[in-house]
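In case you want the letters, here they are:
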Amino acid sequence: MSRIGVFICWCGENIARTVDVDEVTRQVAEFPGVRCAVNYKYMCSDPGQAIVRDKIVSERLDSVVVASCSPHMHLRTFRSAASLAGLNPYRVEMANIREHCSWVHPNRAQATAKAVQLIRLSVEKARRDHELEPIRVPVTRRALVIGGGVAGIQAALDIANSGYEVVMVEREPSIGGKMAGLSETFPTLDCSQCILTPRMVEVGQHPKIKLYSYSEVETVSGYVGNFNVTIRQKARYVDIKRCTGCGECWNVCPLKRNPSEFDYAMGMRPAIYVPFPQAVPARPVIDAKVCAKIIRNGCGLCLKKCKAEAINFKDQDKLVEEKVGAVVIATGYKLYNIGKIQDRPKLEGYGEYGYGKYKNVIDSLQFERLLSASGPTVGELKRPSDGAQPKSVVFLCCVGSRDNAKGLPYCSKICCMYTAKHAMLYKHKVHDGQAHVFYMDIRAGGKGYEEFVRRAIEQDGAQYYRGRVSKITEENGKLIVRGTDTLAGEPVTIEADMVVLANAMRPADGVEQLAQKFNVGYDEYGFLLESHPKLRPVETASAGVYICGACQAPKDIPESVAQASAAASKVLITFSASELTREPEIAKVNEDTCAACFTCTHACPYHAIEQAEVRTPRGVFIKRTARVNPGLCMGCGTCVAVCPSKSADLEGFTEQQIYSMVESLV
Amino acid sequence: MSATISQSALRELAAGWIAQGKRVVGPRLIASPSGPVRDGRVFYAALQSSDQLALGGFIHPANSMKEFLFPKHEELYGYRITGKGIELNEVEPLRAEQVLIAGRPCDAAALPILDHVFNWDYKDDLYNTQRQLTTVVTLACAAHDEACFCTSVGLAPDAERGSDAMLFDLGDGEYEVRCLTEKGKALFDGKLQASERVASLPSGPEKRFDAVEVRAFVKDNFDSPFWPAQTMACLGCGACAYTCPTCHCFDIVDEGNIERGVRARNWDSCQFSMFTLHASGHNPRPNQPARQRQRIDHKFRIYPEKFGEILCTGCGNCTRNCPEGIGVLSVLSAL
Amino acid sequence: MSENHAAPASGRPVEFEPKIVAFVCNWCTYLGADLAGTTRLEYPPNVRIIRLPCTGRIDFNLIVKAFEIGADSVLVSGCHPGDCHYTSGNYHARRRWILFRELLQALGFDMERIHFTWISAAEGHKWQEVVKEITEKTRQKGPYKELYQRNGEVAFPGSPRPSTTPAVTPEPLRTGASEPSSAAEQELRDTCRRLLAEEKVKVVIGYGKRGPVFITKPEDVEKLVWNDECLANLAVYLKRKEIRALGRPAIVVKGCDERALVVLEKESQLERKEIHVIGMACQGLGEPKCEICEVHLPRIADEVIGQLDKQAPDTAERWKALESLMALPAAQRMSYWATEFERCVKCYACRQVCPMCYCERCLVDKNRPTVIEPSATDKGNFAWHILRAFHLAGRCIGCDECTRACSAGIDLRLLNLSLAKAAEEHFAYRAGMDPKAEPLIGAYSLQDKENFIR
């Protein structure tokens, strides 16, 4: 027979004012299996917990029910208390007679009756609790960081500087991300590359960071503490260990005019190239789509010139296996494609702005390259069509953002700030130029941000129009921008030499497939899903997988860096225990009765159930069965509901428990 | 000198019994609304009105009469557990006088067998009380089908065992009535017409096997491949046992929760795979051929050795109800 | 609930207090109810919450059990789609709910007593509103008395009334000689003789004169028949150990039976290459399922014997059998099923004859806890048939063997048809037609419709 102890809390007046706790105690004491029922003013206080501990010992209780507030408040508290008294903590249940009873039912008789029944439910549950031990899982103390932008770099450095190895995978030939291509950053107008490249070099040279550049994650298996990752190293055709970075190859390459990815086609690069001078690794890559040697076995000049014998036209993609214990996803963003061709059914382009039609209508990242001192125009502002210095530039905010009709409904957060920055930098370069900004609202919430925007307007004379642009056309070499000024209440037409569009921020290409590999959720825009938007912004539904930076939502550099450190700290928490312990309220399969239909395997959101075999100790095959991996199971119970024979069951919410609870309501 | 009754008078009589509060059970047609997977079938069922009684056009109802004496689910007693201990309470069963009307003689012949079973080592009052309150009126069989084999087990279309009265269809809306016991006489007292008419019946099905030979065969052929050959197609359901008038195995279950419940008995079938499953996991009858062999053995050797009667009345329900056509007759006719 | 039900303070007669059981998920609705408490939003005290980690954990049977123990309404509530703490538990739940509602409607449950909602941790007000509404509505409807109640004879419009002289002939016992050999029957025997002689298979599972036969010797193929009494679905024998022990089987299937093989392979119960499939072209055997058959010609067999010229019927006709049932008001529908299930003796012929029921330990045989009472009572019988029908959702291939086998003459195919219709109308899903299709239960789509979820 059970020996259950029930402890009823007054919670001061919170419960006792409405619920007759003495009456409840009296009735609860009559329940089968209840050895003792007591009430006290504050069960969670030290003396309250002491009562629980003492009764566990003196009455030799085998389960405890605390009737008080929500389990979300104090279940852990009481489990610890029970543990201290020698009772398995998973034999503790709570009945919520405060949030679900005393606080919402003013009638004393009704609230008391309901409290008794709620306690009855918990008594039935506690009666059938099993003693559970936390599950111990070994940990590989190495981290994987996917994405070498500023967020990935920050996370990798934090983890590596704590003494753990980091494997970093970056898709482009160099790390640095979008920040490496920016000119100066708000609100300080720091030179972007000046502050980033030392970090990049640190990553490249760090003894604890293993960098796979020009690589992508191919497959993932395993679970927190024990991931097996296969990485595809794409063929560079250059052996970066032999290459000295002397530059002879790209100087001699005859195919010089290929649009540069780094410059967003504002500049050109050869077929064999280093994306930018400060690249890490500072080693070239051959563009196999244009290289004459690769396509038709011509040329080959670089091979002849290379004294380090680093060029290898027979290079192929390589697959490498790495074992890690935690993963940080920092894949960053891309800009919304303004043109007609979109990758989602509900999106349409903004053809009316003439992007792609008029050479001088460019997007914000392209403008950054034109502004950049190390950019294709060496820091001089030359417009793409004729290289002339634009005397009048129009900036459009919210291109694709905050547009329910044909764009994305969210705000991309950074565009107000960088447009102000663009207006300022433009003025710094073209003293007699005039910047015009069409905006909807100004979002400048960070530290120093509002002051920054005011500087652009008051000191650098940027002209701000609150309104949108309906159409851009070209006449006589000038861009005619037709917009509206809603504050003045009249249309505005500006003849501009150049137009810069602030496109929406979207997650990088391919992030959804990557997320699926890790069982991380993503929203309808592709932004990765955090566990909880306020309290757990860098964790995901998959244990051991963390996210940071723009892949989670639009954000600027300070926030990306902060989140990256946050993700790193989560990784370090994971690594800090000698073993990982996981909550044991997980599923298990009765292998005797399992019919091996594997519906559970199919349904499990975490791919935590495997197809396994039952064999005799001598290895003779008996039957197939489903088997839950205790390292992966998160305890949702979906497998239990779909199992036709109910061979799958969930600890802490077993079939026995739930049915007994329902039946006690007769 | 004989006695007759017209069909309409018989129905009036039945209506009277219903009005008196007796439970009147007889063959009834249940039609299937979505058309024939099985055509409308006849079952022994409680009648709410006498026009529900089906008197012709079928050979044998799909079930047997036993469920009106030995219900498929019967509560034995109830329990309550409180802080003070365990209380038991008797379950008051519904006990009403009942008339089983127009049953088949093979079904009635099973009743004395059940009487034995429920009184040999323990007097089962639940059964006995209802049995005493029951009067059995059978209708002699005017036709048989290929599943019938009453003549192979020592019975006949007009076998009188177990019947309190027997009706004989004279073919023109009149029935000859023979009252065989005091109960039968009391039931029809004053309701019959004197007559000279005596029914003649066809002789019943041909004998298909010799029960004595069967008894010897099952004794000596425990491991014979005969059993798998004849019964491999058995799927292990309870259709044969549950529609059989003589099968009487039951399982006792407790149904309830931590505070209260009932202990009841339910029909059980030796064909279920868990019937002889031991708690250790060992099952001495591990497959259908073993279980089917046991069924025949029990009916034709073990029970006769113990009680002197064959535990089968040749009604043919097992074969008719088996989805795969297996039954006592189809197995034994292969001998 | 009755003992602890408190009487109002005044001397008024005791009003009906609805009993409402709520199954909620821990992360959203439970926290939403907590928030209602923290915000001190008042609502009637009739709800009893059973906390589960996720709506994905909620088996349909819990809803049935709640009604069994006397609940007047049942509420099931969880996280909004996309917000599930376990990413997709609520999507799985939603799919099950869509199907289960159709079954409950076919059985005549009062759907106004079953509520599904999404309530997030931030929606304390919604919890309050929902509880208030459900309590009031249930109070007005009164106690759920119609559950499993019979109220007189239910006649289907246009169906024959029970008559006293049924014009019925019993099915002939199949011990006698069968119809003369047809060309197809001869070809079948020749094929099997060859397969056995060449040891391509060790046993042929086929139809014999009396019932299914298991031929292991070439000379015994004369026992095989092919005629319009070959009703059984022989795929059921592929789950029996004694038969698998005989060696590699060849199995004779009609187009309807063959769909069972597709489902069994999808559920890892057999591998196509381990069996030899002999398909028989079938013009129909006079059963109701034959009128709506679209697979007169088997599609995945290793060889097909016989020819035919049948056209597939109009799709709309497939659900005609349900029309009379669904035209009845709900309480009448329930009365119909209560009358039918009263005859059920729990012989489990329906289960044993079904190829899809292959669990070694059927849920009805599990008694800790007792999910389905094995007794042949109203509760036990309804629970059993609800369970079986629902476990066949998206898996039943419509061979109607269960209906043929039922010793109590219950029209079980109506339940299977109602779920097959639901599967097709909601998910464009037909069991056993596409070997590559995902299972119906165990998978979900973001597009699964949820117009019944508040």
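Refer to the structure printed above.
Values in this document were obtained by computation on a predicted structure and should not be read as measured data.

Participant: Please explain the pattern of salt bridges as it appears in this structure.
Facilitator: For the coordinates displayed, the defined rule picks out 83 salt bridges over all chains. Measuring nitrogen to oxygen at the nearest pair gives 3.5 Å for the salt bridge that ties Arg79 of chain A to Glu585 of chain A. Residue Arg79 of chain A is found in helix α3 (residues 71–84), and its partner Glu585 of chain A is found in the loop between β30 (580–582) and β31 (587–589); the two are separated by 506 residues along the sequence. For the pair Arg79 of chain A and Glu585 of chain A, one class covers both residues: buried. Two residues, Glu182 of chain B and Lys185 of chain B, come together in a salt bridge whose shortest N-O distance is 3.6 Å. Placement of the pair is Glu182 of chain B and Lys185 of chain B together in helix α4 (residues 182–188), with a separation of three residues, close to one helical turn.

Participant: What is the right way to read the packing of helix α1 (residues 21–28) of chain A against helix α5 (residues 108–127) of chain A from this model?
Facilitator: The angle between the axes and the distance between the axes are what describe a pair of packed helices. All names here are of chain A. Contact geometry of α1 with α5 gives a least axis separation of 10 Å together with a crossing angle of 40 degrees. With respect to their mutual orientation, α1 and α5 come out oblique. In this structure, the crossing between α1 and α5 has a hand that is right-handed. Between α1, through Glu23, Val24, Gln27 and Val28, and α5, the contact on the second element is made entirely by Thr112, Ala115, Val116 and Ile119. Taken together, the residues that form the contact of α1 with α5 break down as five nonpolar, two polar and one charged.

Participant: Looking at this structure, how should I read the interface of chain A and chain C?
Facilitator: Taken together, the 63 residues of chain A in the interface contact 67 residues of chain C. For the pairing of chain A and chain C, the buried interface totals around 5,600 Å² over both sides, and the portion due to carbon and sulfur atoms is 59%. Ranking the residues of chain A by area buried against chain C places His72, His100 and Tyr659 of chain A at the top, with a combined share of 12%. Summed over the shared surface of chain A and chain C, the number is three salt bridges. A salt bridge links Arg57 of chain C to Glu655 of chain A; the nearest nitrogen and oxygen atoms lie 3.2 Å apart. Inspection of the region where chain A meets chain C yields 20 residue pairs in polar contact (both at pLDDT 80 or more). Put simply, the parts of the chain that give the side of chain A that touches chain C at least two residues each are α3, α4 (98–102), α5, α16 (599–603), β33 (621–628), α17 (638–642), β34 (648–650) and α18 (655–663) of chain A. Ranked by the residues each element gives to the side of chain A that touches chain C, the list is headed by α5 of chain A, at nine residues.

Participant: Can you help me understand the packing of aromatic side chains in this one?
Facilitator: The geometry of an aromatic ring pair is captured by two quantities: the separation of the ring centres and the angle between the planes. In the structure shown here, the tally under the stated rule is 44 aromatic pairs over all chains. Centroid distance Phe60 of chain C to Phe390 of chain C: 4.5 Å. Interplanar angle 55 degrees. Geometry classified as tilted. Residue Phe60 of chain C is located in helix α2 (residues 60–68), and its partner Phe390 of chain C is located in helix α12 (residues 378–391); the two are separated by 330 residues in the primary sequence. Judged by its relative accessible area of 5%, Phe60 of chain C is buried. Between Tyr348 of chain C and Trp384 of chain C, the aromatic rings sit 4.9 Å apart at their centres with planes inclined by 85 degrees, giving edge-to-face as the arrangement. Pair noted here: Tyr348 of chain C is in the loop between α10 (330–342) and α11 (349–352) and Trp384 of chain C is in helix α12, with a separation of 36 residues, a long-range link. Take Tyr348 of chain C: its relative accessible area is 7%, and that puts it in the buried class. Pairwise contacts between aromatic rings join Phe70, Phe118, Tyr127, Tyr242, Phe250, Trp267 and Phe272 of chain B together with Tyr348 and Trp384 of chain C into one cluster.

Participant: How do you make sense of the interface of chain A and chain B when you look at a structure like this?
Facilitator: When the parts of a complex come together, some accessible area is lost, and that lost area is often used as the size of the interface. Listed as interface residues are eight residues of chain A and, on the opposing side, eight residues of chain B. With both sides pooled, the region where chain A packs onto chain B buries about 600 Å², and carbon together with sulfur makes up 48% of that total. The tally of links between chain A and chain B comes to one salt bridge. A salt bridge links Glu259 of chain B to Arg120 of chain A; the shortest N-O distance between them is 3.2 Å.

Participant: Would you explain α3 of chain A in this entry?
Facilitator: An α-helical turn contains 3.6 residues, so a residue and the one three or four places further along point in the same direction. For α3 of chain A, spanning 14 residues, the distance from its first C-alpha to its last is 19 Å, which sits close to the expected 20 Å at 1.5 Å a residue. Listed in full, the buried residues belonging to α3 of chain A are Pro71, Leu75, Phe78, Arg79, Ala81 and Ala82 of chain A. Seen end-on, α3 of chain A carries its buried residues on one side only, within an arc spanning 160 degrees. For α3 of chain A, the exposed residues lying more than 90 degrees away from the buried face are Arg76 and Leu84 of chain A. On its buried face, α3 of chain A sits against α2 (46–58), β3 (63–68) and β4 (92–96) of chain A together with α1 (29–38) and β2 (47–52) of chain C. Looking one or two residues past α3 of chain A, Gly86 of chain A carries a phi angle of roughly 95 degrees, positive in sign.

Participant: Sorry if this is basic, but what is going on with α1 of chain A here?
Facilitator: All names here are of chain A. Among all positions in α1, only Val21, Val24, Thr25 and Val28 are buried. Angular distribution of buried residues about the axis of α1 spans 100 degrees; they occupy a single face of the element. For α1, the elements touching its buried residues are β1 (4–9), β2 (34–40) and α5.

Participant: I tried to follow the nonpolar core on my own but got confused; where do I start?
Facilitator: One broad rule of soluble globular proteins: the nonpolar side chains tend to lie buried together. Counting residues in hydrophobic clusters, the biggest one holds 339 residues, and the most contacted among them are Ile119 of chain A together with Phe23 and Phe109 of chain C. Contact partners of Phe23 of chain C, with chain neighbours within four places excluded, come to Val662 of chain A together with Ile50, Leu52, Ile58, Leu62, Ile63, Ala66, Val74, Leu75, Val76 and Ser77 of chain C.

Participant: So what exactly am I meant to see when it comes to the sheet that holds strand β20 (residues 361–363) of chain A here?
Facilitator: Two modes of strand pairing occur in sheets, parallel and antiparallel, and in both the strands are linked by backbone hydrogen bonds. All names here are of chain A. Pairing within the open sheet is parallel, and its five strands lie in the order β20-β27-β21-β22-β23. Edge strands, defined here as strands with exactly one partner in the open sheet, are β20 and β23 (463–466). Taken over all neighbouring pairs, the strand axes of this sheet differ in orientation by 20 degrees on average, direction set aside. Pairing of strand β21 (residues 392–399) with strand β27 (residues 498–503) involves five bridges; the strand directions are parallel. When the sheet's bridge partners are listed, Phe395 is paired in β27 with Val500.

Participant: Would you mind going over the pairing of β33 of chain A with me for this structure?
Facilitator: Within a regular strand, the side chains alternate between the two sheet faces. Residues and elements named next belong to chain A. Bridge analysis of strand β32 (residues 609–615) against β33 gives seven bridges, and the strand direction is antiparallel. Note that in β33 the partner of Val614 across the bridge is Lys623. Hairpin connection between β32 and β33: a loop of five residues separates the two successive antiparallel strands, and Gly619 in this loop has a positive phi of roughly 95 degrees.

Participant: Explain the pairing of strand β25 (residues 478–485) of chain A here, please?
Facilitator: All names here are of chain A. Sheet topology note: the strand β24 (residues 469–475)/β25 ladder contains six bridges and is antiparallel. The partner of Ile472 across the bridge, within β25, is Val481. Between β24 and the antiparallel strand that follows it, β25, lie two residues; Asn476 among them carries a positive phi value of about 50 degrees. As paired strands, β25 and strand β26 (residues 490–496) are joined by seven bridges and run antiparallel to one another. Bridge pairing links Arg482 to Thr493 in β26.

Participant: Just checking my understanding: could you explain the sheet that holds strand β9 (residues 174–179) of chain B for this structure?
Facilitator: All names here are of chain B. Here we have eight strands laid out as an open sheet, ordered β3-β2-β6-β7-β8-β9-β1-β10, and mixed in their pairing. Sheet topology places β3 (41–46) and β10 (193–195) at the edges, where each strand pairs with a single neighbour. Taking the axes of each pair of neighbouring strands and ignoring which way they run, one obtains an average angle of 30 degrees across the sheet. In this sheet, β9 lies alongside strand β1 (residues 2–6) in antiparallel orientation, the contact comprising three bridges. When the bridges of β9 are listed, Ile5 appears paired with Tyr175.

Participant: Help me out: how do you make sense of empty space enclosed by the protein in this one?
Facilitator: It is the rolling of a water-molecule-sized probe over the atoms that shows where space remains empty. Within this model, the largest cavity holds a volume of roughly 510 Å³. What lines the largest cavity is a set of 35 residues, among which Arg259, Ile292, Ile397, Gly398 and Arg430 of chain C lie closest to the centre. Broken down by secondary-structure element, the contributors of at least two residues to the lining of the largest cavity are α7 (255–266), α8 (288–291) and α14 (413–427) of chain C. Per-element accounting of the lining of the largest cavity gives the leading share, seven residues, to α14 of chain C. Here the residues of the lining of the largest cavity are counted per class, giving 19 nonpolar, six polar and 10 charged. Approximately 260 Å³ is the volume found for the second largest cavity. In terms of lining residues, the second largest cavity is bounded by 23 residues, among which Thr599 of chain A together with His391, Ala393, Arg395 and Ile441 of chain C are the most central. The set of elements that each furnish at least two residues to the lining of the second largest cavity consists of α17 of chain A together with α7 and α12 of chain C. Residue composition of the lining of the second largest cavity, by class: 14 nonpolar, four polar and five charged.

Definitions and limits used
Residues numbered from 1 in each chain as written. Chains lettered and ligands numbered in written order. Predicted model: local features only at pLDDT ≥ 70, side-chain atom pairs only at ≥ 80, totals over all residues. Heavy atoms only, no water. Salt bridge = Lys/Arg side-chain N within 4 Å of Asp/Glu carboxyl O. Helix = DSSP H or I, 4+ residues; strand = E, 2+ residues; numbered from the N terminus. Buried < 20%, exposed > 50% of the residue type's maximum accessible area, 1.4 Å probe, protein only. Axes fitted to C-alpha atoms, helices over the stretch in contact; angles between N-to-C directions. Parallel < 35°, antiparallel > 145°, perpendicular 65-115°, else oblique. Left-handed = near helix turned anticlockwise from the far one by under 90°. Contact = heavy atoms within 4.5 Å. Nonpolar A, V, L, I, M, F, W, Y, C, P; charged D, E, K, R; others polar. Buried area = accessible area lost by both parts, 1.4 Å probe. Polar contact = N/O pair within 3.5 Å; in protein donor to acceptor, adjacent residues only side chain to side chain. Phe/Tyr/Trp six-rings, centres within 6.5 Å; stacked < 30°, edge-to-face > 60°. Expected span 1.5 Å × (residues − 1). Arc of directions from axis to C-beta. Core = buried A, V, L, I, M, F, W, Y, C linked by side-chain atoms within 4.5 Å. Pairing = 2+ DSSP bridges. 1 Å grid on protein atoms, 1.4 Å probe; cavity = no way out; pocket = protein on both sides within 12 Å on 5 of 7 lines; lining within 4 Å. Points joined across faces, edges and corners; volume = space filled by probe spheres on them.

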